[in-house]
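Given next are the chains, with one letter for each unit.
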Amino acid sequence: MQERYAYYPGCLASLSQKELDSSTRAIAQKLDIELVEMPSVTCCGAGDIHEAKPDYYLHISARILGQAEQMGCETILSICNVCTLNLRQANKALQEDAALLNRINDNLKEVGAATYQGGVDIRHLLWEVSEGNGYEAFKSIAVKSLEGLKVAPFYGCQILRPSKILGFENPDNPQSLERLIEACGAEPIDYPAKVKCCGFPIVLAREDVALGELVQPLEQAVEAGADVIVTPCPLCHLSLDAWQRKAADFAGKEFGIPILHLAQLLGAAAGIEESEFKFKRHVTRLSPEVKAKLQVPSAIGTEA
Amino acid sequence: MTEIKNAHLTTLKGAYDTELMEATLRIRRWDPDTQRARFDTFTVTVPVTASVLDALDAIKDTHDGTLAYRKSCRMAVCGSCGMRIDGGAALACKTPMKKFVDAGHTITVSPMGNLPVIKDLVVDMAPFWEKIRAVKPYLDTKDEEVPDTEWRVAPEHGDMIHKESLCILCGCCVSECNSMESDPDFLGPAALAKAYRFVGDTRDTDTRERLRDLNGAHGIWDCTRCYFCNQRCPKGVDPRDAIAKLGAESFKEGFVRDEGARHAKVFVDSTFKGGYLRETELVPKTIGPVNAVKDIPFALQLARAGKVPNPLSPHKAKDNDEVKRLWKLLEKEAKGAERPRAQHPDAVREG
Ligand code: SF4
Ligand code: SF4
Ligand code: SF4
Ligand code: SF4
Ligand code: FES
């Protein structure tokens with residue numbers, strides 16, 4: 001963990017998943033990390049721009065990385081799997097091909113944008129707090145024990161695979177979320193689909209194929225007795241939480257399992273104000289029992 | 001143990017000086033006659049250099065001759081020995097046994113996924129070959145007559161399809177493909193990597209037809225980007241990247257009608273409209289207005305939770321004009337560019 005990061009929340013945390021942004025800022029403050037804003041960045045393209053217009057994708061990525069560099073930040077802090085993979089893929093391409101980087105920088109100069117010299121790394125919040133001094137720092141602020149809370153970790157794909165670009169941990173047997181769940185005093189629940197895909201990238205274009213994927217983690221986590229699922233990715237969150245209704249109809253059974261962002265789980269253990277979690281923004285509501293186990297006071301009446 | 005006297009031969013030491021180890025493997029058996037599955041655990045003595053395939057050979061030789069698996073080259077070339085090792089598909093001949101023995105770990109060996117099992121570790125590759133065949137895995141130059149001399153492909157043109165040409169058709173990428181689990185008819189990573197190998201071939205003249213077919217049901221837009229294929233491929237083909245290249249080629253050729261393509265386009269547009277993606281536009285633009293109406297109750301549920309940003313107050317990143325100018329610049333550049341083509345042998349001869 002470092003003391004200062006260029007903070008790239010990505011579009012989901014900035015718009016529809018604002019609860020992730022506020023929880024992240026709150027936890028960063030507790031950890032004494034400075035999050036430097038990046039006011040001019042665009043969407044990273046979520047693999048879609050990468051697929052549709054690869055050259056444009058490399059340009060907008062170089063522009064994002066160049067802005068971090070100009071702000072004097074060595075590392076971008078990401079809170080989204082998809083942003084993490086996309087920016088790291090672009091970074092690798094730019095760092096390994098000087099001719100490509102030169103051409104892109106010429107174009108960036110021509111439109112008056114910041115150029116990129118190749119000196120930035122992209123790290124996900126999960127990686128920063130699940131090992132080394134970041135892990136120690138988190139343990140020291142985890143003052144509340146979430147004893148009795150059963151948490152199913154859902155990693156999602158693009159923080160694990162392909163490991164030659166991500167490479168933080170064994171993609172077939174990751175343990176970082178489990179480590180953090182334990183550090184919160186909660187109990188990690190194991191189930192096979194925790195490393196599989198939630199189907200989000202195709203949920204609009206190929207709904208049935210996507211729902212067939214989405215039901216697996218929901219079904220398995222519920223069956224294994226989990227109270228909540230926690231995920232490091234706002235896209236995984238969106239599909240597990242907001243598309244849960246559709247998955248339930250598709251599978252012909254109810255799940256009713258609340259989905260937490262990683263920063264919310266960490267925040268609960270760190271005793272952060274409930275208002276930062278913005279649970280009202282979740283589609284699948286947290287029951288009073290789950291809130292009690294999360295140790296967040298459930299003000300009945302103001303929140304379901 | 002053979003003493004190696006000649007210093008020149010010390011590089012061969014491994015071949016003579018066979019230090020041994022005990023390897024334990026748990027194997028999923030499938031008996032087609034009884035239609036029953038079971039797990040058998042075997043311990044065999046093998047050289048420390050043994051692969052998982054060598055260990056299977058030792059089991060077959062010394063313990064159970066009925067154990068069924070495929071192999072041929074035992075050097076990661078033929079693509080026969082794909083199987084799941086601890087749940088993830090890999091070539092048995094390319095996976096060293098020692099790391100597991102050192103860790104005191106008993107590996108579980110099972111057949112590849114997404115394909116029917118015939119016996120033990122042998123899967124039926126017929127559905128795999130069917131999909132490979134479906135993408136027309138051969139060059140179509142529309143030549144009525146075979147030219148007298150060979151086509152010459154410039155090295156930089158060869159590079160464009162180099163990775164995809166490395167495929168040994170082993171099926172490891174297909175084994176954990178999450179979209180194929182959900183849609184068994186999905187063409188899948190191996191066939192799509194093969195498709196790109198010909199779409200990107202500068203001699204092939206069937207590009208548009210190929211792309212049109214790949215943009216249909218069960219085609220490239222089925223891929224959920226789980227990246228299991230890139231993770232598993234033992235030859236560095238990176239099938240998911242090939243699928244992304246097929247998407248980019250489809251855009252170049254104007255195939256933008258598929259929901260998957262429309263979805264991708266919303267992202268592109270959002271960057272220069274406001275910087276960040278506007279999910280309000282994503283749903284109707286991807287699935288079209290009629291379907292979006294059907295989804296109104298669902299959309300309302302999302303809206304209540306604040307998941308649908310107000311369309312009237314778009315997010316605006318600072319300095320977004322830079323991005324607009326960038327887009328225009330690149331579009332101008334791309335307009336002039338033609339698809340690279342290899343020269344026909346006859347033209348080379350005459351010219
Ligand atoms: S992953 Fe998404 S949502 Fe996140 S910034 Fe990138 S494109 Fe936008
Ligand atoms: S699980 Fe779903 S949203 Fe999450 S990284 Fe995979 S595809 Fe993305
Ligand atoms: S990335 Fe696409 S093709 Fe590759 S395994 Fe996943 S769904 Fe299948
Ligand atoms: S792409 Fe890789 S994993 Fe898939 S069949 Fe070819 S060599 Fe095997
Ligand atoms: S035996 Fe040929 S690839 Fe393994």
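It should be emphasised that the depicted structure is a prediction, and the values quoted were computed from it without experimental measurement.

K.L.:
When you look at the overall build of chain B in this model, what are you seeing that I'm missing?
P.N.:
Across its full length, chain B holds 17 helices and seven strands. Across the 351 residues of chain B, 49% fall into the buried class. Counting only contacts in chain B whose residues sit at least 6 apart along the sequence, the fraction spanning at least 24 positions is 65%. Counting every atom, chain B has about 17,600 Å² of accessible surface; 54% of that belongs to carbon and sulfur.

K.L.:
What should I look at first to understand the environment of Glu223 of chain A in this one?
P.N.:
Mapped onto the elements of the fold, Glu223 of chain A is located in helix H10 (residues 207-223). Measuring from C-alpha to C-alpha, the distance between Glu223 of chain A and Phe255 of chain A comes to 9.4 Å, with 32 residues separating the pair along the chain.

K.L.:
When you look at the side chain of Ser40 of chain A in this model, what are you seeing that I'm missing?
P.N.:
Following the sequence through the fold, Ser40 of chain A ends up in the loop between strand S2 (34-36) and helix H3 (48-52). If near-sequence neighbours (up to four positions away) are discounted, Ser40 of chain A is found in contact with Arg63 and Gln67 of chain A together with Ala317, Lys318 and Asp319 of chain B.

K.L.:
Would you take a moment to explain the site of ligand 3 for this structure?
P.N.:
Around ligand 3, the structure places Cys177, Ser179, Phe186, Pro189, Cys223, Thr224, Arg225, Cys226, Tyr227, Cys229, Arg240 and Ile243 of chain B. A per-class count over the shell around ligand 3 returns eight nonpolar, two polar and two charged.

K.L.:
Just to check I follow, could you spell out the site of ligand 4 for this structure?
P.N.:
Close to ligand 4 lie 13 residues; Cys167, Cys170, Gly171, Cys173 and Cys233 of chain B are nearest. Partitioning the shell around ligand 4 into residue classes produces 11 nonpolar, one polar and one charged.

K.L.:
Where do I start with the packing of helix H2 (residues 18-31) of chain A against helix H8 (residues 132-141) of chain A in this structure?
P.N.:
For any two helices packed against each other, one specifies the crossing angle of their axes together with the interaxial distance. Residues and elements named next belong to chain A. Remark: H2 packs on H8, axes separated minimally by 10 Å, with the N-to-C direction vectors making an angle of 95°. On the basis of the axis angle, H2 is roughly perpendicular to H8. The residues of H8 that touch H2, namely those facing Ile27, Lys30 and Leu31, are Ala137, Phe138 and Ile141. Class assignment for the residues of the contact of H2 with H8 results in five nonpolar, no polar and one charged.

K.L.:
Please clarify how the domain arrangement of chain B should be interpreted in this entry.
P.N.:
Size of an interface, as often reported, equals the accessible area lost when the parts are brought together. All names here are of chain B. One can read the domain layout of chain B as domain 1 (7-123) and domain 2 (127-278 + 314-351). The junction of domain 1 with domain 2 conceals about 1,200 Å² of combined surface from both sides, 56% of it contributed by carbon and sulfur atoms. Broken down residue by residue, the surface that domain 1 buries against domain 2 is led by Ala89, Asn114 and Leu115, which jointly contribute 40%. The tally of links between domain 1 and domain 2 comes to one salt bridge. For Arg84, the salt bridge is made with Glu176, and the minimal N-O distance between the two is 2.6 Å. For the side of domain 1 that touches domain 2, the secondary-structure elements that each account for two or more residues are strand S3 (82-85) and strand S4 (88-91). The greatest single-element share of the side of domain 1 that touches domain 2, amounting to four residues, is contributed by S4. Considering only residue class, the side of domain 1 that touches domain 2 consists of nine nonpolar, six polar and two charged.

K.L.:
In this structure, what is going on with the interface of chain B and chain A? I would like to understand it.
P.N.:
Listed by partner, the interface residues are 64 residues for chain B and 72 residues for chain A. The junction of chain B with chain A conceals about 5,700 Å² of combined surface from both sides, 58% of it contributed by carbon and sulfur atoms. Here chain B is connected to chain A by 10 salt bridges. Here Asp222 of chain B and Arg206 of chain A are joined by a salt bridge, their closest N and O atoms 2.7 Å apart. Here chain B is connected to chain A by 19 residue pairs in polar contact (both at pLDDT 80 or more). Mapped onto the side of chain B that touches chain A, the elements with two or more residues apiece are helix H8 (178-182), helix H11 (228-232), helix H12 (239-252), helix H13 (259-273), helix H14 (279-294), helix H15 (296-304) and helix H16 (320-336) of chain B. It is H16 of chain B that provides the largest number of residues to the side of chain B that touches chain A, a total of 10 residues.

Reading the values: rules and limits
Residues numbered from 1 in each chain as written. Chains lettered and ligands numbered in written order. Predicted model: local features only at pLDDT ≥ 70, side-chain atom pairs only at ≥ 80, totals over all residues. Heavy atoms only, no water. Helix = DSSP H or I, 4+ residues; strand = E, 2+ residues; numbered from the N terminus. Buried < 20%, exposed > 50% of the residue type's maximum accessible area, 1.4 Å probe, protein only. Contact = heavy atoms within 4.5 Å. Areas by Shrake-Rupley, 256 points an atom, 1.4 Å probe, with all protein chains shown as cover. Near = heavy atom within 4 Å. Nonpolar A, V, L, I, M, F, W, Y, C, P; charged D, E, K, R; others polar. Axes fitted to C-alpha atoms, helices over the stretch in contact; angles between N-to-C directions. Parallel < 35°, antiparallel > 145°, perpendicular 65-115°, else oblique. Domains from an automatic or database assignment. Buried area = accessible area lost by both parts, 1.4 Å probe. Salt bridge = Lys/Arg side-chain N within 4 Å of Asp/Glu carboxyl O. Polar contact = N/O pair within 3.5 Å; in protein donor to acceptor, adjacent residues only side chain to side chain.

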